[in-house]
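Each chain, letter by letter, is given below.
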Amino acid sequence: MHGGERPCTLEKPACKVGAEGVRPQGKRLYLSGKRTEPSSLRNGAQPGMRRAPAAENESAPNFCGQSLWWVLSAFVLCIGGKERMVEMITQVNNAVNGVVWGPFGLALLFCTGFWMSARTGFFQFRKMGYWLRHTIGAIFTNKDITAHTSKEDMAISQFQSMCTALAGTIGTGNIVGVATAIVSGGPGAIFWMWVMALLGMMTSFSENVLGVYFRRKNEKGEWSGGAMYYLTDGLGAKKGCKQLGKVLAVLFACFCILASFGIGNMSQINSIAGNMNAAFGVPTLVTGLCLMVVTALIVIGGLKRVAAVTEKLVPLMALFYIAGALIIVVLHAGNIPAAFAAIFKGAFNLNAAGGGALGYGISQTITWGFKRGAFSNEAGLGSAVMVNSASNVKEPVHQGMWGVFEVFADTIVVCTLTALVILTTGVVDLQSGAVLAGVQDNALVGQAFTAAFGNFGPKFIAVSILLFAYSTTLGWSHYGTKAVEYLFGTTGSRIYKVVFVCMTVVGATMKLGLAWDLSDTFNGLMMIPNLIGVLVLSGTVVDITRNYFDRRVKGKDIEPMWSAFLEYQKQEEAEAAAEEAELEKAANE
């Protein structure tokens, strides 16, 4: 993912961020958007209804008084209150950020991952061979995984949904975030990053299962799914929770939109522009204009065009970075045992002397490991589920297994390689994680690549950040689109895409400062309503998973659990019957 640093360039240090903001108000806020409502719900939940437009102000004097008050407030702000206002927002922002990305938020993420792991019998370990066979393994054995859908079918393939989800999660945090974890928490932070990822696999699994199960089609025939929908139709179906589900869904969508402009767009483009300028001397405005044109051609074309790009870009960027990292690790293979020893010893601060130092050291190591793990793979934030729900898959569990693989690829593979690059090249002290190379945190990986590749090292990192950061922008363009669609319908999503494209130039040429810090907190605030929904609906996840294995593994003849909506369930069953009949006919010919 993009992570908790400011946009990373080759010469600027990373900074901790925080954030809070105010949910935008409008006269018309639709809770469920302009989408086709299914006729019924199997579980009794009723689809969300639009909120009535806010009443117009009826009192002219009151309106005038309010206007005068805002004019006076604006005047005071202009003549001397601007700095104080910024300071106040910053303080609130840091306080809220300390909650969502502090002990409370990280504990909530950890407990949710552990709870879902326990409820599914630690599926990620017990069925590891099964989910690997049906995800990355199926790419080479099942053509349906990668086959593009027809022009009339608005869904995307399972492989495309995985690539688009990885596009949104694999970002600059996989490079800079790992370095920050090691410097701030020591090499042992990598161990706790793994722990968060291993538990986060089942959080991601649960999100995707719920996303597919509660998804619905919009007026264009596209699948729309995500936390907004399982909060409205899943949590909202529980006794006494109808309004709570709708409120949490609206909050999630608002936080997602705000985060998409900051972390999902401007910060990524700013990082690209800064690195291209430092490595190749390309003016930031030129980078911004070029990326704006390319983004317009891709994003305005809709999800199928975004997916068509990410299914080529993501494998390319992953192979490019992994190949470069593996070369460095192989060149320093003799240091690998010492690197792993530092990770495992540092995880429990075995080198510390004294009880106080031991306790504080372990606390810092765990905190930074959990934080970077959560930033890296986004499991629990509810973002990737919005694109995974657009897959042409029928089985929610199939898409859930792709969620497990996405976390595995992002953190266990890419972040681990980054950590080994740092720990085997001698740029940090293996005991404390202190920088030895005389460079800033965000330049550690670049320093390691420079040691192996010479002057090509910084250019390699600049290109890697270009690919990682831009792919994140493409992924988040879809997340924001779906959040806007939920609130305002498909018309609003078209306006959003235009604004999103224009913001790329802003991101490339401006210092983002507080705006970026705020977007980081909005990103974290998405987590709270999403995890509430996952925890409350954990029983539904277990039931769907059990139903899947009873049918697919044990061979029981029972009705599949594919959709919460009876209308979609019948459509899926009819399509499955037609496909089976076609296969039988082909086999008999």
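Residues numbered from 1 in each chain as written. Predicted model: local features only at pLDDT ≥ 70, side-chain atom pairs only at ≥ 80, totals over all residues. Heavy atoms only, no water.

## Quick look at the packing of helix α8 (residues 189-213) against helix α13 (residues 336-347)
Moving on, step 1. At a closest axis distance of 7 Å, the pairing of α8 and α13 adopts a crossing angle of 80 degrees. The angle between the axes of α8 and α13 places the two elements in the roughly perpendicular class. Every residue of α13 that contacts α8 at Ile 190, Phe 191, Trp 192 and Trp 194 is listed here: Phe 340, Ile 343, Phe 344 and Ala 347.
Moving on, step 2. Here the contact of α8 with α13 is built from residues that sort into eight nonpolar, no polar and no charged. (Axes fitted to C-alpha atoms, helices over the stretch in contact; angles between N-to-C directions. Helix = DSSP H or I, 4+ residues; strand = E, 2+ residues; numbered from the N terminus. Parallel < 35°, antiparallel > 145°, perpendicular 65-115°, else oblique. Contact = heavy atoms within 4.5 Å. Nonpolar A, V, L, I, M, F, W, Y, C, P; charged D, E, K, R; others polar.)

## Overview of the environment of Ala 155
Moving on, step 1. Secondary-structure assignment places Ala 155 in the loop between α5 (143-146) and α6 (158-169).
Moving on, step 2. Looking at Ala 155, the relative accessible area reads 4%, which means it is buried.
Moving on, step 3. Considered as a pair, Ala 155 and Leu 303 are 148 residues apart in the sequence and their alpha carbons are 8.7 Å apart.
Moving on, step 4. What Ala 155 contacts, discounting residues up to four positions off in sequence, is Thr 149, Trp 223, Lys 304, Ala 390, Ser 391 and Asn 392. (Buried < 20%, exposed > 50% of the residue type's maximum accessible area, 1.4 Å probe, protein only.)

## So, the packing of helix α7 (residues 176-185) against helix α16 (residues 396-424)
Moving on, step 1. Relative to each other, α7 and α16 sit at 55 degrees, their axes nearing to 9 Å. Relative to α16, the element α7 lies oblique. Of the two possible hands of crossing, α7 and α16 adopt the one that is right-handed. Across the interface between the two elements, Val 178, Ala 179 and Ile 182 of α7 pack against Cys 415, Thr 418, Ala 419, Ile 422 and Leu 423 of α16.
Moving on, step 2. Looking at the contact of α7 with α16, its residues break down into seven nonpolar, one polar and no charged. (Left-handed = near helix turned anticlockwise from the far one by under 90°.)

## Structural notes on the pattern of salt bridges
Moving on, step 1. Per the counting criterion, the structure on display carries twelve salt bridges.
Moving on, step 2. Lys 482 is the partner of Glu 222 in a salt bridge, and the nearest nitrogen-oxygen pair spans 3.6 Å. Within this pair, whereas Glu 222 is found in the loop between β1 (216-217) and β2 (223-224), its partner Lys 482 is found in helix α18 (residues 456-509), the two being separated by 260 residues in sequence. For the pair formed by Glu 222 and Lys 482, the shared burial category is buried.
Moving on, step 3. Arg 551 is the salt-bridge partner of Glu 395, the closest N and O atoms lying 2.8 Å from each other. With Glu 395 in the loop between α15 (385-388) and α16 and Arg 551 in helix α21 (residues 538-552), this pair connects stretches of sequence that are 156 residues apart. The exposure classification of Glu 395 matches that of Arg 551, with both residues buried.
Moving on, step 4. Through salt bridges that share partners, Lys 220, Glu 222, Lys 482 and Glu 485 make up one connected network. (Salt bridge = Lys/Arg side-chain N within 4 Å of Asp/Glu carboxyl O.)

## Looking at the side chain of Thr 473
Moving on, step 1. Take Thr 473: it is sitting in helix α18.
Moving on, step 2. Not counting the four nearest positions on each side in its chain, Thr 473 is found in contact with Gly 264, Asn 265, Gln 268, Ile 269 and Phe 500.

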